[in-house]
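So the chains spell out like this:
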Amino acid sequence: AAAHKQIKKDFGFCDILINGAGGNNPKATTDQEYYVPGELKEGEKSFFDLEQSGVEFVFNLNFIGTLLPTQEFAQDMLEKEGCNIINISSIWGLTGASCEVHYSAAKAAVIGMTKALAKELAPSGITVNCIAPGVVDTDMNAHLSAKELADLAAEIPAGRFDRFGGFIFCQRTSRLHHRTNLES
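One structure accompanies this document, and this report is about it. Note that this is a predicted model, so its numbers are computed, not measured.

**Examining the environment of A28**
Working step 1: Note that A28 resides in the loop between strand 1 (16-19) and helix 2 (52-77).
Working step 2: C-alpha separation for the pair A28 and H102, spaced 74 residues apart in sequence, amounts to 6.6 Å.
Working step 3: Setting aside residues up to four positions removed in sequence, A28 forms contacts with L50, G54, V55, V58, C99 and H102.

Here you go:
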């Protein structure tokens, strides 16, 4: 609520909300790609060993971290026309990923929320969409071995991870002109 208030004070109403919350937690990640009874080495984690605190962290970051900003900013959007909410999920929310059951479930929740909210807010003129990128080259993957990275890249048609340095935020020209006093 405090961030929403400050953003509204500094920039005015939000036309486009991009929810990009995402991440994982070692306490919610398994050590083996497949669970085969009797093949787990001592000290390795399976789905059955995941810690609740890690699972809650992942779900809160990915799903609740998308839900709460949407609740705050979508209220302002109700007063305007042509506003957009864009949620960033993951391909794992669509396909699932072994070793990351809870991350996949949290990203699937973002996709489900997007679909439901798109229907709910459509009569208000707010468009709600979701982007589900493949593996992105970020610090989140720094723990993976060279072999694991190569195996993941081999599953991607482009043969490499997505790379981007962030999002470019675009506004309607009139709002940009108003906020920056630039010539259109």
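**Notes on the packing of aromatic side chains**
Working step 1: Scanning all chains against the criterion turns up 3 aromatic pairs.
Working step 2: Taken together, a centroid distance of 5.3 Å and an interplanar angle of 75° make the contact between Y35 and F48 edge-to-face. Taken together, the positions of Y35 in the loop between strand 1 and helix 2 and F48 in the loop between strand 1 and helix 2 put the pair 13 residues apart, joining distant regions of the chain.
Working step 3: For Y35, a relative accessible area of 46% corresponds to the partly exposed category.
Working step 4: Geometrically, the ring pair formed by F59 and F63 is tilted, given 5.2 Å between the ring centres and 40° between the ring planes. Highlighted residues: F59 and F63, both in helix 2, separated by 4 residues, approximately one helical turn.
Working step 5: The exposure class assigned to F59 is partly exposed, which follows from its relative accessible area of 34%.
Working step 6: Since its relative accessible area comes to 15%, F63 is described here as buried.
Working step 7: Joined through ring pairs, the aromatic side chains of Y35, F47 and F48 make up one cluster.

**Concerning the pairing of strand 1**
Working step 1: Side chains of strand 1 alternate between two faces, with L17 and N19 buried and I16 and I18 left unburied.
Working step 2: Across 4 bridges, strand 1 lies against strand 2 (residues 83-88) in parallel orientation. Within the sheet, the bridge partner assigned to N19 lies in strand 2 and is N87.
Working step 3: Between the parallel pair strand 1 and strand 2, the chain is carried across by helix 2, and the sense of this crossover is right-handed.

**A look at the layout of surface pockets**
Working step 1: The calculated volume of the largest pocket comes to roughly 1,100 Å³.
Working step 2: Residue lining of the largest pocket: 39 residues in total, with W92, E100, N141, L144 and L152 positioned closest to the centre.
Working step 3: Put simply, the parts of the chain that give the lining of the largest pocket at least two residues each are helix 4 (101-121) and helix 5 (146-154).
Working step 4: Looking at which element gives the most residues to the lining of the largest pocket, the answer is helix 5, with 3 residues.
Working step 5: Looking at side-chain class alone, the lining of the largest pocket contains 15 nonpolar, 16 polar and 8 charged residues.

**Description of the packing of helix 1 (residues 2-11) against helix 2**
Working step 1: Interaxial distance between helix 1 and helix 2 falls to 9 Å at its minimum, and their mutual angle equals 35°. The interaxial crossing formed by helix 1 with helix 2 has right-handed handedness. Facing helix 1, whose interface residues are H4, I7 and K8, helix 2 presents E72, F73 and D76.
Working step 2: Taken together, the residues of the contact of helix 1 with helix 2 break down into 2 nonpolar, 1 polar and 3 charged.

**Notes on a nonpolar patch on the surface**
Working step 1: Together, Y35, L40, F47, F48 and V101 make up an exposed nonpolar region whose accessible area comes to about 490 Å².
Working step 2: Here L40 shows up in the loop between strand 1 and helix 2.

**Details of the side chain of N24**
Working step 1: Looking at where N24 falls in the secondary structure, it is placed in the loop between strand 1 and helix 2.
Working step 2: In this structure the side chain of N24 is engaged in a polar contact, spanning 3.3 Å, whose partner is the side chain of E100.
Working step 3: Not counting chain neighbours up to four residues away, the residues in contact with N24 comprise T29, F57, V58, E100, Y103 and M140.

**A word on the sheet that holds strand 1**
Working step 1: Spatially, 3 strands are ordered 1-2-3 in an open sheet, and the strand pairing comes out parallel. The sheet is open, and its two edges are formed by strand 1 and strand 3 (126-131), each paired on a single side. In this sheet, adjacent strand axes meet at a mean angle of 15° when their direction is disregarded.
Working step 2: Running at roughly 175° to strand 1, helix 2 makes contact with strand 1, strand 2 and strand 3 of the sheet.

Calculation notes
- Throughout this document, residue positions are counted from 1 along each chain, in the order its sequence is written.
- This being a predicted model, a pLDDT of at least 70 is required before a residue's local features are given, and a value of 80 or more before pairs of side-chain atoms are given or counted; all residues contribute to the totals for chains, interfaces and linings.
- Calculated side-chain values reflect all of the structure's heavy atoms, with hydrogen atoms and water omitted.
- By definition, any uninterrupted DSSP run of H or I lasting at least four residues is a helix, any uninterrupted run of E lasting at least two residues is a strand, and each is numbered from the N terminus.
- Only heavy atoms matter for contacts: two residues are in contact if any of them lie within 4.5 Å across the pair.
- Pairing of aromatic side chains here covers Phe, Tyr and the six-membered ring of Trp, requires ring centres within 6.5 Å, and sorts the geometry by plane angle: under 30 degrees stacked, over 60 edge-to-face, intermediate tilted.
- For the exposure calls, accessible area comes from a 1.4 Å probe over protein chains only, and a residue counts as buried if that area is under 20% of its type's maximum, exposed if over 50%, partly exposed in between.
- At least two DSSP bridges between two strands are required for those strands to pair.
- Clockwise travel from the first strand over the helix to the second, with the strands pointing away from the viewer, marks a crossover as right-handed.
- Cavities and pockets were defined on a 1 Å grid built from protein atoms only: a cavity is a group of points that admits a 1.4 Å probe but offers it no way out, a pocket is an open group of points flanked by protein on both sides within 12 Å along at least five of seven lines, and a lining residue is one with an atom within 4 Å of any such point.
- Grid points are joined across faces, edges and corners, and a volume is the space filled by probe spheres set on the points.
- As a working rule, the residues Ala, Val, Leu, Ile, Met, Phe, Trp, Tyr, Cys and Pro are called nonpolar, Asp, Glu, Lys and Arg charged, and the rest polar, with Gly in that last group.
- Every angle, taken between N-to-C directions, lies between 0 and 180 degrees, and every axis is a line fitted to C-alpha atoms, over only the stretch in contact when it is a helix.
- In this scheme the crossing of two helices becomes right-handed for a clockwise turn of the near helix relative to the far one and left-handed for an anticlockwise turn of less than a right angle.
- Residues qualify for a patch when their relative accessible area is over 30% and they have no salt bridge, like charges being joined within 9 Å and the nonpolar side chains of Val, Leu, Ile, Met, Phe, Trp and Tyr within 5 Å.
- In this description, accessible areas are obtained by the Shrake-Rupley approach with a 1.4 Å probe, and a residue is regarded as covered only by the protein chains that are shown.
- The rule for a salt bridge is simple: a side-chain nitrogen of Lys or Arg has to be within 4 Å of a carboxyl oxygen of Asp or Glu.
- Two N or O atoms form a polar contact when they lie within 3.5 Å of each other; inside protein one atom must be a possible hydrogen donor and the other a possible acceptor, and for residues adjacent in sequence the pair counts only when both atoms belong to side chains.

Without other data, these values stay purely geometric and don't point to any function.
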